[in-house]
Amino acid sequence: MASLMNAMVDTPAIGATFDLATQPLRELNRFLHRDLAGTRAVRVLNPDGAHNIAVGVDAPVDVDIDGHAGYYAGGMNKQAHITIHGNTGPGVGEGMSSGAIHVKGFASVAAGASAHGGLLVIDGDASLRCGISMKGIDIVVGGSVGDYSAFMAQAGTLVICGDAGDGLGDSLYEAVIYVRGSVKSFGADAHEEPMSEADIAALGALLKAAGMSHDPKTFRRVASMRGLYHWNADANQEY
Amino acid sequence: MNKPVEFHKCMQLEESWGYDRKTLDYIHNASAHGLYEIRGLGAKRRVPHFDDLVFLGASLSRYALEGYRERCDTRTVLGTRFASKPIELAIPITIAGMSFGALSANVKEALGRAATDMGTSTTTGDGGMTREERQSSKTLIYQCLPSRYGFNPDDVRRADAIEVVIGQGAKPGGGGMLLGQKVNPRVAKMRTLPEGVDQRSACRHPDWTGPDDLTIKIQELREITDWEKPIYVKVGATRTLHDVKLAVHAGADVIVVDGMQGGTAATQTVFIEHVGIPTLAAVRQAVQALEELNMKDTVQLIVSGGIRTGADVAKALAMGADAVAIGQGVLMALGCNHDSYFQNGAQHSAVEDYAALGTAPGYCHHCHTGKCPVGVTTQDAVLEQRLDPAVGARHVRNYLKTLNMELTTIARACGKQDVHHLEREDLVALTVEAAAMAGQPLAGTDWVPGR
Ligand code: SF4
């Protein structure tokens, strides 16, 4: 209850505002975990790059972060729709399993790391290892991604509207990458494959969900050659 | 007349020390296959260990407690630094993290039941949390590993503590392995992998690198769990003094240090035998780190890697550990390397199945094959039936009970009313190496090498 009273409730049971310049992060996260009681929208003012904003939320609530967020914004999210009106630090949406996170600016390293589900949209660029170890999440990056994106990606879809750096899709499992721009180099076991009608349909739906207007036909599909799936003495570890 | 003994002939056959039959076998295998050996369990070589220490029981200068009449507490509390709900255990002996995938679901259930009966905790592994182990374990530690297989927010909330695994004693610096024969449909689904792949997990966490990042990662886990659950950090024993200090700075409630004798389900032999330091050396460094930071008793220490007996537990505690974790020992209690298994009310020989793997009871390290002759480390539908969870639970319970009785026997003999009162002053070393590594005086002297 204490945290509920500290939250500036705009309209009871509908919206609440937390100002991280004056309220500790703990109050915000506790409120999101325990005291939502019908609150449908939460605004976070002055995030000022704070780490771990809105982590572990498990409720259908809209969270708007008015500024830049630090590490792990929206980490392990379930159900919530989180919008970051700024840039984010490493691991935005790491481990999330459902819901959506929308970064209006740029994202640092390891965006969507190891996430099992939901949708992560980054309007700007994403840094190194975007989608590392992803396990079912859909990630749409409006700009470009850094080196080793989708490293060991297991499942889900990574859409890159811009370019990709070195080692794209290294040691890929069953995740699929769609890339519109150039790829500096593919990682071990990743290669380009023809786009099927099913790819175009799936990609079109994802772009639409992400609010991007590119033509899905202008993308290329990158997937695993599955050459590393089995231990192989003849591989000579040339990867 | 008797025939003369023909040993002059054997005498001429001199085996090389550097190129003995074991080494020749290794070279011949390498040249035939072009691939290193992968196996299970831990280091087989002899390293300085707890066996090289003995207790100074009570005598004239100390007085002992009566074995069965006087109280000797074993209660153990872990995670008192930041967590609002620390882990309370009846005994200081816990079950180490081992994955579902490496172990069968039956085994996970047996471990949970035994741990619950004994009032201690069990730990998940590199494959997520199974329904069976959550249901059967009163206190379950949930590992957060580099692979993050099956690591999800619901299970984070279901767990009693989170253990961030940086490394493992059998292979500090390496990721997990699970060969395709063990990646059956259920294991594959839990790990989001295609069935039957030879799974090689990452060796670094996907979303942080280095101790400063780890600090933020730990904060994230605390925020997600509303600061209720203890956060453990597990390191494989290497530069233990520094690693423990960094883990304390990063905000760990509990540090788990796993020495090189610790087990694995599948790792390169070269890694198992040649990377990492013995548990004995690691405990001393870990305790030193906590003492130098003035964090002893604020941050708790769990020691693992080759803990087999009540004496090992007592020595780890006397050196400054708060608890121990056991992996291989409990698997052996379940029947690992036993010549037979118990199924449908009768004992059956497993010797032929060991032979089919090219080994024999007492020598097996074939967990990686998934064809465990006694049904412990398998995902095979037929083999896993060889381990009945109820029977397994009874054996593990008996084993833990024995260890705990041995521990209190030693503690009473040293005059302690609480096993946590065992102290370094109670221990001396039998070898110069052990004295140096453990920082304990050589028996009968006051000499600690290096001091
Ligand atoms: S008996 Fe089973 S658990 Fe033990 S070493 Fe052999 S395969 Fe592994």
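Quick caveat: nothing in here was measured; it's all calculated off a predicted structure. (Residues numbered from 1 in each chain as written. Chains lettered and ligands numbered in written order. Predicted model: local features only at pLDDT ≥ 70, side-chain atom pairs only at ≥ 80, totals over all residues. Heavy atoms only, no water.)

Asker: Run through the overall build of chain A, naming residues and quoting values.
Answerer: A count of helical and extended segments in chain A gives three helices and twelve strands. Computed over the C-alpha atoms, the radius of gyration of chain A is 19 Å, within 12% of the 18 Å expected from 2.2 N^0.38 for a compact globule of 239 residues. Its C-alpha atoms put chain A at 65 × 40 × 25 Å along the principal axes. Taken across its 239 residues, chain A has 57% of its residues classed as buried. Excluding contacts between residues fewer than 6 apart, the proportion of contacts in chain A whose partners are at least 24 apart in sequence is 24%. Carbon and sulfur atoms make up 52% of the accessible area of chain A, which totals about 9,100 Å². Of the charged side chains in chain A, 16 are positive and 26 negative, and the gap between their average positions amounts to 5 Å. (Helix = DSSP H or I, 4+ residues; strand = E, 2+ residues; numbered from the N terminus. Rg over C-alpha atoms; globule rule 2.2 N^0.38 Å. Buried < 20%, exposed > 50% of the residue type's maximum accessible area, 1.4 Å probe, protein only. Contact = heavy atoms within 4.5 Å. Areas by Shrake-Rupley, 256 points an atom, 1.4 Å probe, with all protein chains shown as cover. Lys, Arg positive; Asp, Glu negative; His and termini not counted. Charge placed at Lys NZ, Arg CZ, Asp CG, Glu CD.)

Asker: Talk me through the overall build of chain B; I want residue IDs and the actual numbers.
Answerer: A tally of regular secondary structure across chain B gives 15 helices and 18 strands. Expressed along its principal axes, the backbone C-alpha trace of chain B runs to roughly 75 × 60 × 45 Å. Counting only contacts in chain B whose residues sit at least 6 apart along the sequence, the fraction spanning at least 24 positions is 67%. Within the structure as shown, chain B displays about 19,300 Å² of accessible surface, and the carbon and sulfur contribution to it stands at 53%.

Asker: Quick rundown of the site of the ligand? Include the residues and the values.
Answerer: All residues adjacent to the ligand are Leu41, Cys336, Asn337, Tyr354, Cys364, His365, His366, Cys367, Cys372, Val374 and Thr377 of chain B. Residues that form the shell around the ligand fall into these classes: seven nonpolar, four polar and no charged. (Near = heavy atom within 4 Å. Nonpolar A, V, L, I, M, F, W, Y, C, P; charged D, E, K, R; others polar.)

Asker: If you had to explain the pattern of salt bridges to someone new, which residues and values would you point to?
Answerer: According to the stated counting rule, one finds 44 salt bridges over all chains in the structure shown. The salt bridge involving Asp297 of chain B is made with Lys296 of chain B; its shortest N-O contact spans 3.8 Å. Salt bridges here are not isolated pairs; linked through shared partners, they connect Arg26 and Arg34 of chain A together with Lys85, Glu223, Asp226 and Glu228 of chain B. (Salt bridge = Lys/Arg side-chain N within 4 Å of Asp/Glu carboxyl O.)

Asker: Which residues make up the side chain of Asn404 of chain B, and what are the values?
Answerer: Among the structural elements, Asn404 of chain B can be located in helix H14 (residues 389-413). A relative accessible area of 13% means that Asn404 of chain B is categorised as buried.

Asker: Outline the packing of helix H11 (residues 310-319) of chain B against H14 of chain B, supporting the account with residue identities and numerical values.
Answerer: For any two helices packed against each other, the geometry comes down to the angle between their axes and how far apart the axes lie. Residue and element names in this part refer to chain B. For the pair H11 and H14, the least separation of the axes is 7 Å and the interaxial angle reads 55°. For the element pair H11 / H14, the angle class is oblique. For H11 against H14, the interelement crossing comes out right-handed. Touching Gly310, Ala311, Val313, Ala314 and Leu317 of H11 are Leu403, Glu406, Leu407 and Ile410, all from H14. Per-class residue counts for the contact of H11 with H14 are seven nonpolar, one polar and one charged. (Axes fitted to C-alpha atoms, helices over the stretch in contact; angles between N-to-C directions. Parallel < 35°, antiparallel > 145°, perpendicular 65-115°, else oblique. Left-handed = near helix turned anticlockwise from the far one by under 90°.)

Asker: Got a sec to walk through the interface of chain A and chain B? Specific residues and values, please.
Answerer: In this assembly, 38 residues from chain A lie in contact with 40 residues from chain B. Ranking the residues of chain A by area buried against chain B places Tyr72, Met76 and Trp231 of chain A at the top, with a combined share of 23%. Applying the counting rule to chain A against chain B returns eight salt bridges. Across the pair Glu228 of chain B and Arg34 of chain A runs a salt bridge whose closest N-O atoms are separated by 2.7 Å. Counting the contacts that link chain A with chain B gives 17 residue pairs in polar contact (both at pLDDT 80 or more). Broken down by element, the residue count for the side of chain A that touches chain B peaks at six residues, all from helix H2 (residues 25-34) of chain A. Classifying every residue of the side of chain A that touches chain B gives 16 nonpolar, 14 polar and eight charged. (Buried area = accessible area lost by both parts, 1.4 Å probe. Polar contact = N/O pair within 3.5 Å; in protein donor to acceptor, adjacent residues only side chain to side chain.)

Asker: Lay out the confidence of the model for chain A with the relevant residues and their values.
Answerer: A residue-level look at chain A finds 91% of positions with pLDDT of 70 or above and a mean pLDDT of 93. With pLDDT under 50 throughout, residues 1-8 of chain A is counted as low confidence; its partners more than four residues away or in other chains account for 16 contacts. (pLDDT = per-residue confidence, 0-100.)

Asker: Tell me about unusual backbone geometry, and please be specific about residues and values.
Answerer: Even without being a glycine, Asn52 of chain A presents a positive backbone phi close to 60°. Among the structural elements, Asn52 of chain A can be located in the loop between strand S3 (41-45) and strand S4 (62-65). The backbone of Trp227 of chain B shows a phi angle near 60°, a positive value even though the residue is not glycine. Within the element layout of this structure, Trp227 of chain B appears in the loop between helix H7 (210-224) and strand S11 (231-236).

Asker: Any details on the environment of Glu197 of chain A? Residues and values, ideally.
Answerer: Structurally, Glu197 of chain A can be placed in helix H3 (residues 197-209). Separated by 40 residues in sequence, Glu197 of chain A and Thr157 of chain A place their C-alpha atoms 16 Å apart.

Asker: An account of the sheet that holds S11 of chain B is requested, with residue identities and associated values reported.
Answerer: Residues and elements named next belong to chain B. Here eight strands make up an open sheet; going across it, the order is S5-S15-S14-S12-S11-S8-S7-S6 and the pairing parallel. Across the chains shown, the open sheet's two edge strands, defined by having one partner strand only, are strand S5 (93-95) and strand S6 (121-123). Neighbouring strand axes in the sheet, compared pairwise and without regard to direction, differ in orientation by 30° on average. Examined bridge by bridge, S5 and strand S15 (residues 323-326) share three bridges and lie parallel to one another. (Pairing = 2+ DSSP bridges.)

Asker: Please provide a residue-by-residue account of the packing of aromatic side chains, values included.
Answerer: One pass over the full model with this rule turns up six aromatic pairs over all chains. Centre to centre, the rings of Tyr148 of chain A and Phe151 of chain A are 6.3 Å apart; their planes meet at 85°, and the pair counts as edge-to-face. The class for Phe151 of chain A is partly exposed, based on a relative accessible area of 24%. A cation over a ring is seen here: Arg186 of chain B above Phe100 of chain B, with NZ or CZ 4.6 Å from the ring centre. Directly above the aromatic system of Tyr72 of chain A lies the positively charged group of Lys217 of chain B, at a separation of 4.5 Å from the ring centroid. (Phe/Tyr/Trp six-rings, centres within 6.5 Å; stacked < 30°, edge-to-face > 60°. Lys NZ or Arg CZ within 6 Å of the ring centre and 35° of its normal.)

Asker: Go over the state of the cysteines, please, and point to the residues and values.
Answerer: Residues and elements named next belong to chain B. Throughout the structure, instances matching the rule amount to zero disulfides over all chains. Left without a disulfide partner, Cys144 is nearest to the cysteine sulfur of Cys203, which lies 15 Å away. Assessed through its relative accessible area of 1%, Cys144 is described here as buried. No disulfide involves Cys414; its nearest neighbouring cysteine sulfur is the one of Cys72, lying 9.9 Å away. (Disulfide = S-S within 2.5 Å.)

Asker: Which residues make up helix H10 (residues 279-292) of chain B, and what values go with them?
Answerer: Residues and elements named next belong to chain B. A rise of 1.5 Å per residue sets the reference length of H10, with its 14 residues, at 20 Å; its end C-alpha atoms lie 20 Å apart and thus fit the reference within 8%. Three or more residues of H10 are buried, namely Thr279, Leu280, Ala281, Ala282, Val283, Ala286, Val287, Ala289 and Leu290. Downstream of H10 by one or two residues, Asn294 has phi in the positive range, about 60°. (Expected span 1.5 Å × (residues − 1).)

Asker: Describe the environment of Gly362 of chain B, with residues and values.
Answerer: Counting through the fold element by element, Gly362 of chain B comes out in the loop between helix H13 (351-356) and H14. A sequence separation of 137 residues divides Gly362 of chain B from Thr225 of chain B, and the C-alpha atoms of the two residues are 44 Å apart.

Asker: Tell me what's going on with the environment of Asn87 of chain A, and back it up with residues and numbers.
Answerer: When you line up the elements, Asn87 of chain A lands in the loop between strand S5 (81-84) and strand S6 (100-103). Overall, the relative accessible area of 30% leaves Asn87 of chain A in the partly exposed class.

Asker: A description of the pairing of strand S12 (residues 220-224) of chain A should follow, citing residues and the corresponding values.
Answerer: Successive residues of a regular strand alternate their side chains across the two faces of the sheet. All names here are of chain A. Within S12, four of the five residues are buried, which leaves it mostly tucked inside the rest of the structure. With three bridges connecting them, strand S10 (residues 176-179) and S12 associate as antiparallel partners. When the bridges of S12 are listed, Ile177 appears paired with Val222. For strand S11 (residues 190-193) and S12, the ladder comprises four bridges, and the chain directions are antiparallel. Looking at S12, one finds that Glu192 is bridged to Val222.

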